[in-house]
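Structural characterization, general
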Amino acid sequence: MPKRLLVLLFVMVVSFSWSQPSQQEKLQQRKAQILKEIQEKEALLQNMKSKEKSVATQLVLQTEKIELKEKLINTTEKQTKLLNNDMFINQININRLKKELVVLKEDYSEMILKSYKSRSEQSRAMFLLSSENFLQAYKRAQYMKQYASYRKMQGEEIQQKSEQLLVYNEKIGVQKSAKQKLIAENEKEKQTLEKEKQVQQEIAKSIKKDKKQITAEIKKKQQETRSIDNQIEKLLRAAIAAANKRTANAAVKANPKTTKAATTATESSTKIVLTSEGQLIANNFKANKGKLPWPVEKGFVSLGYGDQPHPVYKTLIVHNSGVEITTDQGANARAVFGGEVISVMVLSPVNKAVMIQHGDYFTVYQNLSSVTVSKGDKVSTKQNIGKIRTNGDSGKTVLKFTISQNTTYNNPTSWLFNM
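**Section: the overall build of the protein chain**
- On a plain count of helices and strands, the protein chain comes out with seven helices and 12 strands.
- Looking at the protein chain as a whole, 36% of its 419 residues qualify as buried.
- Expressed as a percentage of contacts within the protein chain between residues at least 6 apart in sequence, the contacts between residues at least 24 apart total 71%.
- As presented, the protein chain carries roughly 25500 Å² of accessible surface, and 54% of it is formed by carbon and sulfur atoms.

**Section: helix H7 (residues 276–287)**
- Its 12 residues place the ends of H7 16 Å apart at the C-alpha level, agreeing with the 16 Å of an ideal helix rising 1.5 Å per residue.
- Regarding H7, the residues found buried are Gly278, Ala282 and Phe285. One side of H7 holds all its buried residues, which, seen down the axis, span an arc of 60°. Looking at H7, the residues exposed on the side facing more than 90 degrees away from the buried face are Ser276, Glu277, Leu280 and Ala287.
- The inward-facing, buried residues of H7 contact strand S7 (351–358), strand S8 (361–371) and strand S11 (397–405).

**Some points on the pattern of salt bridges**
- This structure, assessed with the given rule, holds five salt bridges.
- The salt bridge involving Lys190 is made with Glu77; its shortest N-O contact spans 3.7 Å. Of the two residues, Lys190 is situated in helix H4 (residues 134–208) and Glu77 in helix H2 (residues 55–121); the sequence distance between them amounts to 113 residues.
- By relative accessible area, Lys190 is classed as partly exposed at 36%.
- Close ionic contact of Glu233 with Arg237 constitutes a salt bridge, the shortest N to O distance being 3.2 Å.

**Section: the pairing of S7**
- A large share of S7 lies buried, amounting to seven of its eight residues.
- As paired strands, strand S6 (residues 339–348) and S7 are joined by seven bridges and run antiparallel to one another. Each bridged residue has a counterpart across the sheet, and for Val341 the counterpart in S7 is Ile356.
- Taken together, S6 and the strand that follows it, S7, pair antiparallel across an intervening segment of two residues.
- Sheet analysis places S7 next to S8, joined by six bridges and oriented antiparallel. Among the inter-strand pairings, Ile356 is bridged to a residue of S8, identified as Thr363.
- Here S7 folds back onto S8 in antiparallel fashion, the turn holding two residues, of which Gly359 has a positive phi close to 75°.

**Thoughts on the nonpolar core**
- Leu292, Ile356, Tyr365, Ile385, Leu399 and Phe401 are the most contacted members of the largest nonpolar core, which totals 27 residues.
- At the level of elements, H7, strand S4 (323–327), S7, S8, strand S10 (384–388) and S11 are the ones that each hand at least two residues to this core.

**Here's the deal with the confidence of the model for the protein chain**
- This prediction gives the protein chain a mean pLDDT of 78; 74% of its residues lie at or above 70.
- Ignoring residues within four places in sequence, the model shows residues 5–19, a span with pLDDT below 50, making 10 contacts including any to other chains.

**Considerations on the environment of Asn283**
- Relative to the helices and strands, Asn283 resides in helix H7.
- Residue classification places Asn283 among the partly exposed residues on the basis of a relative accessible area of 41%.
- Spatially, the C-alpha atoms of Asn283 and Tyr361 are 9.7 Å apart, while their sequence positions differ by 78 residues.

**Some remarks on the packing of aromatic side chains**
- One pass over the structure, following the stated rule, counts five aromatic pairs.
- Ring plane angle 90° and centroid distance 5.3 Å describe the contact between Phe285 and Phe337, whose orientation is recorded as edge-to-face. You can see Phe285 sitting in helix H7 and its partner Phe337 sitting in the loop between strand S5 (332–334) and S6, a full 52 residues away along the chain. You'll find Phe285 and Phe337 in the same group, each marked buried.

**A look at the pairing of strand S3 (residues 317–320)**
- With burial as the criterion, only one face of S3 is covered, namely that bearing Val318 and Asn320; the residues Ile317 and His319 on the opposite face remain uncovered.
- In this sheet, S3 lies alongside strand S2 (residues 306–309) in antiparallel orientation, the contact comprising four bridges. Each bridged residue has a counterpart across the sheet, and for Pro309 the counterpart in S3 is Ile317.

Cut-offs applied
- Residues numbered from 1 in each chain as written.
- Predicted model: local features only at pLDDT ≥ 70, side-chain atom pairs only at ≥ 80, totals over all residues.
- Heavy atoms only, no water.
- Helix = DSSP H or I, 4+ residues; strand = E, 2+ residues; numbered from the N terminus.
- Buried < 20%, exposed > 50% of the residue type's maximum accessible area, 1.4 Å probe, protein only.
- Contact = heavy atoms within 4.5 Å.
- Areas by Shrake-Rupley, 256 points an atom, 1.4 Å probe, with all protein chains shown as cover.
- Expected span 1.5 Å × (residues − 1).
- Arc of directions from axis to C-beta.
- Salt bridge = Lys/Arg side-chain N within 4 Å of Asp/Glu carboxyl O.
- Pairing = 2+ DSSP bridges.
- Core = buried A, V, L, I, M, F, W, Y, C linked by side-chain atoms within 4.5 Å.
- pLDDT = per-residue confidence, 0-100.
- Phe/Tyr/Trp six-rings, centres within 6.5 Å; stacked < 30°, edge-to-face > 60°.

Given below as structure tokens:
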């Protein structure tokens with residue numbers, strides 16, 4: 001292999017090794033987060049069993065727990081792979097140092113041998129005194145000085161590389177232990193996963209006889225969800241019409257020649273007619289697509305956007321106009337962008353919602369037990385707008401979050417930062 005190619009390969013390998021610690025740290029943080037979520041699921045399951053609540057809900061929680069276990073195993077496997085890469089790089093360094101040390105030691109031994117022979121034939125003083133003139137004597141003295149300095153430098157280089165070799169050997173020893181620990185940890189998690197799947201099967205068997213009833217309950221819940229979506233859409237259309245009416249009245253006031261037909265068309269539109277200020281807000285909101293903060297401080301998406309199989313009954317398709325985010329009990333919902341509260345809705349005795357306008361974009365925050373803003377309030381990014389309700393049966397604290405442009409729903413996952 002050409003020397004240049006070897007150098008290039010070494011540089012690439014070393015560069016890759018520099019990125020490993022940060023990746024390992026991220027994976028370790030992710031593992032800690034997954035473990036926390038597993039503990040939370042376990043606590044919810046134990047609470048469910050002690051209260052003898054819905055077995056179907058237990059099955060959903062058990063399924064979610066299994067998915068988290070699989071993520072944990074996958075994360076640990078990624079850690080092991082990174083560790084293998086790092087060990088490979090360190091082994092390359094060890095092999096390189098060993099070869100360099102062999103060459104250095106051979107060269108140094110040869111130099112010492114020549115120096116010894118030279119010393120036995122003629123002393124340093126005789127070497128200098130035998131010079132033909134002062135200039136030659138000076139040059140010989142400089143040569144002897146440089147020769148001694150080179151010997152010292154080579155000796156120091158051998159010592160330095162020997163110390164480096166020792167460090168790399170110690171490092172690879174630690175890495176081997178860490179790898180064995182990760183492998184053992186993963187094997188343990190795989191065994192636990194199998195037990196969790198057995199529990200899941202037992203729960204599934206226990207509700208098999210009630211499948212029709214549970215399916216009916218799921219369909220009923222979907223009908224309730226669609227009913228809430230219809231309520232929100234009506235309120236949304238009403239808000240758009242009211243905003244357009246204000247814009248039309250302002251246009252008539254500014255220009256009395258504006259026709260009544262034009263203003264009526266504007267008022268009945270399902271698309272908001274933006275003022276220059278509203279257009280600026282809408283543009284700013286759109287410019288932040290993919291960078292909006294989460295509507296909760298921390299949490300995870302427990303149900304995605306659109307039509308998808310039910311978490312338990314895969315043949316049953318459920319619809320979601322937004323995303324459902326599971327968070328900690330007592331958590332607050334927060335605005336993802338600055339805007340104006342145009343509606344505070346009571347969707348049911350235990351479900352409140354807040355609608356915020358951002359130009360011709362609207363964000364809705366559902367499943368709030370209490371609200372801290374009022375209609376007409378101006379809110380800022382990350383401002384708390386209400387407390388998220390914790391379901392008494394499931395023990396879950398879930399926020400439903402939607403984004404729409406006028407009446408057209410968007411997938412929130414494409415708008416939120418690193419979701």
